[in-house]
Amino acid sequence: MKKISLLIFSLFILASCGNSEESVEDIIKEGNLSEIRAKKAELSKEQGELSSKIARLDAAIQKLDKRTQFALVRTTRVEDTLFKHYVEIPGDVETDENITIYPEFSGVLLDVLVEEGDRVNKGQVLARIDDGGLSSQLAQLETQAALAKTTFERQKRLWEQNIGSEIQFLEAKANYEAVQNSVDQLKSQLAKTVVRAPFSGVIDEAFSEQGEVVAPGQSRLFRLINLSNMYITAAVPESYLGSIKKGTEVMVEIAATGTEFQSQIQQVGNFINPNNRTFEIKVAVPNDKELVKPNLIATVKLNDYTSENAVIIPEGVIQKNAAGQSVIYVLQSTNDSTGTAEKRILETGKIYNDHVEVLSGLQPGELLITEGAKNISEGEEVKILN
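Everything numeric here is computed off the predicted structure, so don't read it as measured data. (Residues numbered from 1 in each chain as written. Predicted model: local features only at pLDDT ≥ 70, side-chain atom pairs only at ≥ 80, totals over all residues. Heavy atoms only, no water.)

1. What to know about the nonpolar core
Inference 1: Val120, Leu126, Val195, Ile203, Phe222 and Leu224 are the most contacted members of the largest nonpolar core, which has 29 residues in total.
Inference 2: Every element with two or more residues in this core is listed here: strand 6 (125-129), helix 3 (134-160), helix 4 (166-191) and strand 10 (222-225).
Inference 3: Sort the elements by how many residues they give to this core and helix 4 lands first, with 7 residues.
Inference 4: Ile203 has contacts with Val114, Glu115, Glu116, Gly117, Asp118, Val120, Leu126, Phe222, Arg223 and Leu224, leaving out every residue within four places of it along the chain. (Core = buried A, V, L, I, M, F, W, Y, C linked by side-chain atoms within 4.5 Å. Buried < 20%, exposed > 50% of the residue type's maximum accessible area, 1.4 Å probe, protein only. Helix = DSSP H or I, 4+ residues; strand = E, 2+ residues; numbered from the N terminus. Contact = heavy atoms within 4.5 Å.)

Encoded structure:
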């Protein structure tokens, strides 16, 4: 009976529209403005009545059709994966090869052989200082040493032939050794007038200029830095002592240069600082492009926990019940578009990057409800949007 009524109502509407369309054509042909406006008002009224009836029918359909009342959810299939947890601590970039070079000899700086930015090798001459006549003194001493050596060798041959006295032999030997020691000392002093690079690196700053008078421990000459052997030091809380060791994987971020890289711990300190209960670690820094500089601040992420086949879910899908337990919903008995929600109580592990490790309560292959879970209950039938 309901279907017949709807059919008659539809035919009535079609018939009305047909008559109205014919009447509209006739009225337009007549060209009477008043009648045209009247007809428009009549059709507008009919349109409003039809819209109201259609809205009432839609409301009735929505009320009677149970399928339109399902809660809408989205799901994702759970898979096991590798899970790594990191603890983040601040660190400082350092290098042992960052020094200021001072002269070892007082005098006038005769030659400065390098400029700022120059790369130098270990042992390369950087500057020379006026020796104040040491070269001439060395030449004289070397002449004396040569004579003393000849005299000693002659006395030695005579002594071996039992010619001459023992005291003559010993005096010649002592004289030669004394002069030779003086030559060696003067050579050592003279070597200090030549400034050499103690290691390979870059001349970062040149403090003194040619012609200046320099003195040991007072006059700075150069700053020499080697950016190849960099490392990061960080203070780690003592609670991580059991999980952090030499070779532990580390992720490093240096915000100032936008640098991110993976490395490992080079050294773990054996001393616990009593002031802050931490121990120190050193992390190697690959610096092929030399973007990393000493004294930069770094964020060190230490891999303190790894699980090979972990079940990981977004932290945002977990709800807490009145007992403080972690609750999620999974989808059971599904077809293409609907399914039944099932509540699960989880035992959770570590949390990192907004993801939670599930220790129990959820298995790989199950469908986890990721959206709409807050509006459903245990056993409720839901509609799957995806």
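More follows now that the structure is in view.
2. Some details on the packing of aromatic side chains
Inference 1: Within the structure shown, the criterion is met by 5 aromatic pairs.
Inference 2: Where Trp159 meets Phe169, the ring centres are 6.2 Å apart and the plane angle is 10 degrees; that geometry is what we call stacked. In this pair, Trp159 sits in helix 3 while Phe169 sits in helix 4, placing the two residues 10 residues apart along the sequence.
Inference 3: In this structure Trp159 comes out as partly exposed when scored by relative accessible area, which is 33%.
Inference 4: One aromatic cluster is present, built from ring pairs that chain together Phe152, Trp159, Phe169 and Tyr176. (Phe/Tyr/Trp six-rings, centres within 6.5 Å; stacked < 30°, edge-to-face > 60°.)

3. Re the sheet that holds strand 10
Inference 1: Read across the sheet, 4 strands follow the order 3-10-8-5 without closing on themselves; strand pairing throughout is antiparallel. Bordering the open sheet on either side are strand 3 (98-101) and strand 5 (119-120), each of which pairs with just one other strand.
Inference 2: Pairing of strand 5 with strand 8 (residues 201-206) involves 2 bridges; the strand directions are antiparallel. Looking at strand 8, one finds that Val120 is bridged to Gly201. (Pairing = 2+ DSSP bridges.)

4. Details of the sheet that holds strand 6
Inference 1: Ordered in space as 7-6-4-9, the 4 strands form an open sheet in which the pairing is antiparallel. The open sheet is flanked by strand 7 (194-196) and strand 9 (213-214), the only strands paired with a single partner.
Inference 2: Here strand 4 (residues 107-112) pairs with strand 9 via 2 bridges, running antiparallel. Bridge pairing links Val108 to Val213 in strand 9.

5. Overview of a nonpolar patch on the surface
Inference 1: Residues Val108, Leu110 and Val213 make up a contiguous nonpolar surface patch of about 240 Å² in total accessible area.
Inference 2: Turning to its location among the elements, Leu110 is positioned in strand 4. (Patch = residues over 30% accessible without salt bridge, like charges linked within 9 Å, V, L, I, M, F, W, Y side chains within 5 Å. Areas by Shrake-Rupley, 256 points an atom, 1.4 Å probe, with all protein chains shown as cover. Salt bridge = Lys/Arg side-chain N within 4 Å of Asp/Glu carboxyl O.)

6. Considering the environment of Ile265
Inference 1: For Ile265, the location among the structural elements is in strand 13 (residues 259-268).
Inference 2: Residue classification places Ile265 among the buried positions, given a relative accessible area of 2%.
Inference 3: Considered as a pair, Ile265 and Ser377 are 112 residues apart in the sequence and their alpha carbons are 49 Å apart.

Keep in mind these values describe shape, not function.
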